[in-house]
Amino acid sequence: VVSPDAGRIKVAEQWSKRLGGAPLAFIHKTRDINRPNEMVANRVVGLVRDRVCVLVDDMIDTGGTITKAADALMADGAKAVVIAATHAILSEPAVERLRACAAEEVIVTNTLPIPPEKEVDGITVLSIAPLISAAIKEVFEDFVQTTWKITMADGVISDREKDRLREIVKELAIEPRTLPTEWI
């Protein structure tokens, strides 16, 4: 797992842990103060020779940092480079840089739409719909559990209303784990 700069190493560490303790590396870079959004990949810190490197970042804007990091990894002997980023902003000249860089694959999410003219061979777009769905479900289930606990307390509503609530919970197919069994 490789961070494109020292500032993203904590994110790379999290990826490493999720991947069972994969080795870490990062790119030591500097920026030219006379050229905004330009960086120089000075050297690779860590062992990458003969390894598939997963280069992780939060976004790809102009693509300068991530593509120069991919090229530096290959120049340092990496077997292959896969770029993984959350947001594909793809400002100019990102598409040209991604097409020209050494990365074997680019993986992004669909937090932003990628218009057809910015599609790149080797790009994989993952949907965030399951994450949004899970977040909505968690909020809903927490609301239901809290409401259920308050409502089912003695004297708050009638037994008939409690029976109707139990029917609604079954109709909504709420996960049993979200409601303690003594409430059902």
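The present account deals with the structure reproduced in this document. (Residues numbered from 1 in each chain as written. Predicted model: local features only at pLDDT ≥ 70, side-chain atom pairs only at ≥ 80, totals over all residues. Heavy atoms only, no water.)

Structural notes on a nonpolar patch on the surface
A cluster of nonpolar residues, Met 59, Ile 89 and Leu 112, forms a patch on the protein surface that exposes about 210 Å² of accessible area. In this fold, Met 59 is placed in strand β4 (residues 52-60). With a relative accessible area of 35%, Met 59 lands in the partly exposed category. (Patch = residues over 30% accessible without salt bridge, like charges linked within 9 Å, V, L, I, M, F, W, Y side chains within 5 Å. Areas by Shrake-Rupley, 256 points an atom, 1.4 Å probe, with all protein chains shown as cover. Salt bridge = Lys/Arg side-chain N within 4 Å of Asp/Glu carboxyl O. Helix = DSSP H or I, 4+ residues; strand = E, 2+ residues; numbered from the N terminus. Buried < 20%, exposed > 50% of the residue type's maximum accessible area, 1.4 Å probe, protein only.)

A look at the pattern of salt bridges
Per the stated rule, a full pass over the model turns up 2 salt bridges. In this structure, Asp 5 engages Lys 29 in a salt bridge whose closest nitrogen and oxygen atoms are separated by 3.1 Å. One end of the pair, Asp 5, is in the loop between β1 (2-3) and α1 (9-18); the other, Lys 29, is in strand β2 (residues 25-31), and 24 residues separate them in sequence. A single burial state applies to Asp 5 and to Lys 29, both of which are buried. In this structure, the salt-bridge partner of Asp 57 is Arg 8, at a minimum N-O distance of 3.2 Å. Placement of Asp 57 in strand β4 and of Arg 8 in the loop between β1 and α1 is noted, with a sequence separation of 49 residues between them. Using a relative accessible area of 12% as the deciding quantity, one classes Asp 57 as buried.

Comments concerning helix α2 (residues 64-75)
Over its 12 residues, α2 runs 16 Å from end to end, which matches the ideal 16 Å to within 8%, given 1.5 Å per residue. Buried within α2 we find Gly 64, Thr 65, Ile 66, Thr 67, Ala 69, Ala 70, Ala 72 and Leu 73. Taken from the residues just after α2, Gly 77 is the one with a positive phi, measuring 100°. (Expected span 1.5 Å × (residues − 1).)

Looking at the pairing of strand β5 (residues 80-88)
With 7 of 9 residues buried, β5 is to be regarded as a mostly interior element. In this structure, β4 lies alongside β5, joined through 8 bridges in parallel fashion. Residue pairing across strands places Cys 53 opposite Val 81, the latter belonging to β5. Traced from β4 through α2 to β5, the parallel crossover comes out right-handed. In terms of handedness, the path from β5 via helix α3 (residues 94-100) over to strand β6 (residues 105-109) forms a crossover that is right-handed. (Pairing = 2+ DSSP bridges. Right-handed = clockwise from strand over helix to strand, strands pointing away.)

Digging into unusual backbone geometry
Cis rather than trans, the peptide bond between Glu 92 and Pro 93 has omega equal to 5°. Within the element layout of this structure, Pro 93 appears in the loop between β5 and α3. Even without glycine at this site, Asp 50 takes up a positive phi of about 65°. With respect to the helices, strands and loops of the structure, Asp 50 is situated in the loop between β3 (39-45) and β4. Judged by its relative accessible area of 60%, Asp 50 falls in the exposed class. Phi angles above zero are rare outside glycine, and Leu 90 is one such case at about 55°. With a relative accessible area of 3%, Leu 90 lands in the buried category.

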